[in-house]
Amino acid sequence: MRILSAEFIKSAAAPADYPRGGLPEIAFCGRSNVGKSSLINTLLTRRRLAQTSKTPGKTRTLNFFLINEAFFFVDLPGYGYAKTGRSLKESWGKMVETYLSSRSVLRAAVLLIDIRHSPTRLDRQMKEWLDYYGHPVLVAATKEDKIGSQASRRSLDHIAEELPLREDQPLIPFSSKTGRGKDRLWSALDSCLRTDPGG
Ligand SMILES: Nc1nc2c(ncn2[C@@H]2O[C@H](COP(=O)(O)OP(=O)(O)O)[C@@H](O)[C@H]2O)c(=O)[nH]1
Ligand SMILES: [Mg+2]
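In what follows, the accompanying structure is described. (Residues numbered from 1 in each chain as written. Chains lettered and ligands numbered in written order. Predicted model: local features only at pLDDT ≥ 70, side-chain atom pairs only at ≥ 80, totals over all residues. Heavy atoms only, no water.)

Structural notes on the overall build of the chain
Move 1: Helix and strand counts for the chain come out as five helices and seven strands.
Move 2: Ordering the α and β elements of the chain from the N terminus gives β-β-α-β-β-α-β-α-β-α-β-α.
Move 3: In terms of C-alpha radius of gyration, the chain reaches 16 Å, essentially the compact-globule figure of 16 Å for 199 residues.
Move 4: Per-residue burial over the chain gives 46% buried out of 199 residues.
Move 5: Contacts in the chain between residues at least 24 apart in sequence constitute 77% of all its contacts with a sequence separation of at least 6.
Move 6: Summing over all exposed atoms, the chain offers an accessible surface of approximately 10,400 Å²; the carbon and sulfur share of this is 47%.
Move 7: Side chains of the chain carry 31 positive and 21 negative charges; the gap between the two charge centres is 8 Å. (Helix = DSSP H or I, 4+ residues; strand = E, 2+ residues; numbered from the N terminus. Rg over C-alpha atoms; globule rule 2.2 N^0.38 Å. Buried < 20%, exposed > 50% of the residue type's maximum accessible area, 1.4 Å probe, protein only. Contact = heavy atoms within 4.5 Å. Areas by Shrake-Rupley, 256 points an atom, 1.4 Å probe, with all protein chains shown as cover. Lys, Arg positive; Asp, Glu negative; His and termini not counted. Charge placed at Lys NZ, Arg CZ, Asp CG, Glu CD.)

The following block contains the structure:
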């Protein structure tokens, strides 16, 4: 995918504030600090479009980025940040599930899992929501540069088993540091964007 333009359009919490116009969307989700902003920046070859931060749990809304004036990347708020209070957790769940249950232009969701860690309860819940609402799921196993190739293979098997993943749901080792997985993820996203669910 050649990135001609990529710009932040808006933040939104409620459906009334989502962009109009019917362009297809790809959503990105995962726990705080998993490497979501870094992955988005890597895909878009932009250094700081999606903010990367060492302070996890800062992003509280859905963030819409318009790519090539043709589709949106939607950065969903990260979850599982230890200091998040109960009421915030509830509003997070409501905001994310509302989006996933109602957004007909959503073509695929990329679920990010740190390759060094077991999927958490919230990762499995997110996967369950995505399956329940019928969205194509791609899993990116992030920070792949941090472990060796043998450990990497073991982790991928473990992640696939624990989520659990179906055969048709790609699991792509990814590193924002080395760029590993970028082409494979783009080609998977490309085919999701080309597939018109209505036709
Ligand atoms: N080594 C390595 N570090 C990464 C990678 N992706 C993200 N990080 C680091 O992990 C931290 C969290 O990244 P960020 O993209 O802000 O995560 P987010 O909270 O999910 O958006 C930052 O310190 C990043 O530099 C990666 O692929 N490899
Ligand atoms: Mg982020």
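Moving on, there is more to tell.
What about the sheet that holds strand S6 (residues 137-142)?
Note on sheets: strands pair through backbone hydrogen bonds, and any given pair is parallel or antiparallel.
Move 1: Strand order across the open sheet formed by seven strands is S1-S3-S4-S2-S5-S6-S7, with mixed pairing between neighbours. The open sheet has two edge strands, strand S1 (6-12) and strand S7 (171-173), and neither has a second partner. On average, each strand axis in the sheet is tilted by 25° relative to the strand beside it, whichever way the strands run.
Move 2: Relative to strand S4 (residues 71-75), strand S2 (residues 25-30) runs parallel, the two being bridged by four bridges. Counted as the bridge partner of Phe 28 is Asp 75 from S4. (Pairing = 2+ DSSP bridges. Axes fitted to C-alpha atoms, helices over the stretch in contact; angles between N-to-C directions.)

Comments concerning unusual backbone geometry
Move 1: Cis geometry marks the peptide bond from Leu 163 to Pro 164, where omega comes out at -15°.
Move 2: Topologically, Pro 164 is positioned in the loop between helix H4 (149-162) and S7.
Move 3: Positive phi, normally seen in glycine, also occurs at Thr 45, with a value near 45°.
Move 4: Position of Thr 45 among the secondary structure elements: in the loop between helix H1 (36-44) and strand S3 (62-67).
Move 5: Of note in the backbone geometry, Lys 143 takes a positive phi value of approximately 60° without being a glycine.
Move 6: Looking at Lys 143, the relative accessible area reads 21%, which means it is partly exposed.

What to know about the environment of Ser 155
Move 1: Its place among the elements puts Ser 155 in helix H4.
Move 2: In sequence terms Ser 155 and Ser 191 are 36 residues apart; their C-alpha atoms lie 26 Å from each other.
Move 3: Leaving out residues up to four positions away in the same chain, Ser 155 has contacts with Ile 115 and Ile 147.
Move 4: Among the polar contacts made by the side chain of Ser 155, one reaches the main-chain carbonyl oxygen of Ile 115 at a distance of 3.1 Å. (Polar contact = N/O pair within 3.5 Å; in protein donor to acceptor, adjacent residues only side chain to side chain.)

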